[in-house]
Amino acid sequence: MERERHFRQDDDRAGRRPRRGKDRDDRRDLSESAPHRDQHGREKGGRGRLVGRTKGGMNTKLHAICDSLGRPLDLFVTAGQVSDYIGARALLSSLPKVDWLLGDRGYDADWFREALQDKGIRACIPGRKQRKTPVKYDKRRYKRRNRIEIMFGRLKDWRRVATRYDRCPKVFLSAIALAATVIYWL
């Protein structure tokens, strides 16, 4: 013998909560939100704080364009584990009209060299060690790249930039821009 089962509808009596889905007291309907989003509505794995794991620990990478005097012109921030190609692609459209571009091995890519050549800029970037055919570059001119490293050193003189106190990438980039503005005029 089977018993008949009767289900009653929720009549919202006191002391009883309605089923999960639409709570009357909740501001957000949990059943309608996307399954892989955090509480602020952005997707997991999104830009987040732009902090990534590197050999030295958790870090942020700063890509910059500077002039021949070592003054910063344009800045771009990525997470530490992101390839230099991402920064190169982001800063490519904002390159000023120059004759030469000095860059380190991280920016050695055929597509980047071709894009520079299309803009009329000669690249002074040494080839990566994994390259099958070595790339020729002006070694004497490449020694001037120390001005770029001096610019990064001046930015890191600002403790807020060197230690990255800011969690938000927009605030961090604003602090870098403020330091870069002061460096540009000194």
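Residues numbered from 1 in each chain as written. Predicted model: local features only at pLDDT ≥ 70, side-chain atom pairs only at ≥ 80, totals over all residues. Heavy atoms only, no water.

Novice: What am I meant to see in the overall build of the protein chain here?
Specialist: When helices and strands are counted, the protein chain shows 6 helices and 5 strands. The N-to-C order of helical and strand elements in the protein chain reads β-β-β-α-β-α-β-α-α-α-α. Evaluated residue by residue, the protein chain yields a buried proportion of 30% over its 186 residues. Residue pairs in contact within the protein chain that sit at least 24 positions apart in sequence constitute 36% of those at least 6 positions apart. (Helix = DSSP H or I, 4+ residues; strand = E, 2+ residues; numbered from the N terminus. Buried < 20%, exposed > 50% of the residue type's maximum accessible area, 1.4 Å probe, protein only. Contact = heavy atoms within 4.5 Å.)

Novice: Would you mind showing me how to read the sheet that holds strand E3 (residues 72-79) here?
Specialist: Strands pair in a sheet through their backbones, by hydrogen bonds, and they do so in one of two ways: parallel or antiparallel. In space, the 3 strands of this open sheet follow the order E1-E2-E3, with antiparallel pairing throughout. Either end of the sheet is taken by a strand with one partner, and the two such strands are strand E1 (52-54) and E3. Strand after strand, the sheet turns through a mean of 55° between neighbouring axes, direction not considered. Bridge count between strand E2 (residues 57-66) and E3: 7 bridges; the pairing is antiparallel. Within the sheet, the bridge partner assigned to Ala64 lies in E3 and is Leu75. Those strands touched by helix H4 (residues 146-155) are E2 and E3, and its axis lies near 125° from that of E2. The sheet contacts of helix H6 (residues 169-185) involve E2 and E3, and relative to E3 the element is tilted by about 155°. (Pairing = 2+ DSSP bridges. Axes fitted to C-alpha atoms, helices over the stretch in contact; angles between N-to-C directions.)

Novice: Would you mind going over the UniProt feature "transmembrane region" (unreviewed entry) in the protein chain with me for this structure?
Specialist: Those places that UniProt annotates as "transmembrane region" (unreviewed entry) correspond, in this numbering, to residues 168-185. The distance separating the terminal C-alpha atoms of residues 168-185 is 27 Å; by composition the span is 94% helix and 0% strand. (UniProt positions renumbered as here; feature names shortened; annotations may be inferred.)

Novice: Could you clarify how one ought to interpret a positive patch on the surface in this entry?
Specialist: Judged by side-chain charge, Arg140, Lys143, Arg144 and Arg147 come together as a positively charged surface patch. The topology assignment puts Arg147 in helix H4. (Patch = residues over 30% accessible without salt bridge, like charges linked within 9 Å, V, L, I, M, F, W, Y side chains within 5 Å. Areas by Shrake-Rupley, 256 points an atom, 1.4 Å probe, with all protein chains shown as cover. Salt bridge = Lys/Arg side-chain N within 4 Å of Asp/Glu carboxyl O. Lys, Arg positive; Asp, Glu negative; His and termini not counted. Charge placed at Lys NZ, Arg CZ, Asp CG, Glu CD.)

Novice: Which parts of the structure should I look at to understand unusual backbone geometry?
Specialist: For residues that are not glycine, phi is negative in most cases, and the peptide bond is trans in most cases. For Arg164, which is not glycine, the phi dihedral falls at a positive 50°. Relative to the assigned elements, Arg164 resides in the loop between helix H5 (159-163) and H6.

Novice: Where do I start with the nonpolar core in this structure?
Specialist: Considering soluble globular proteins, one finds that nonpolar side chains tend to be buried as a cluster. Ranked by size, the top nonpolar core spans 14 residues in total, and within it Val77, Met151, Phe152, Leu155 and Ile176 carry the most contacts. At the level of elements, E3, H4 and H6 are the ones that each hand at least two residues to this core. Residues in contact with Leu155, not counting those within four places in the same chain, are Leu62, Val161, Ile176, Ala179, Ala180 and Ile183. Leu92, Leu101, Tyr107 and Leu116 belong to the second-largest nonpolar core, a separate cluster that totals 13 residues. (Core = buried A, V, L, I, M, F, W, Y, C linked by side-chain atoms within 4.5 Å.)

Novice: Just checking my understanding: could you explain the pattern of salt bridges for this structure?
Specialist: Oppositely charged side chains are able to pair whenever their charged atoms sit close together. Under the counting rule described, the total for this entry stands at 8 salt bridges. Between Asp108 and Arg113 there is a salt bridge, and its shortest N-O distance comes to 3.0 Å. Summarising the burial analysis for this pair, Asp108 and Arg113 share the class buried. Linking Asp108 and Arg131 is a salt bridge whose minimum nitrogen-to-oxygen distance equals 2.8 Å. Of the two residues, Asp108 is situated in the loop between strand E4 (100-102) and helix H2 (110-118) and Arg131 in the loop between strand E5 (122-124) and helix H3 (139-142); the sequence distance between them amounts to 23 residues. Take Asp108: its relative accessible area is 3%, and that puts it in the buried class. The exposure class assigned to Arg131 is partly exposed, which follows from its relative accessible area of 23%.

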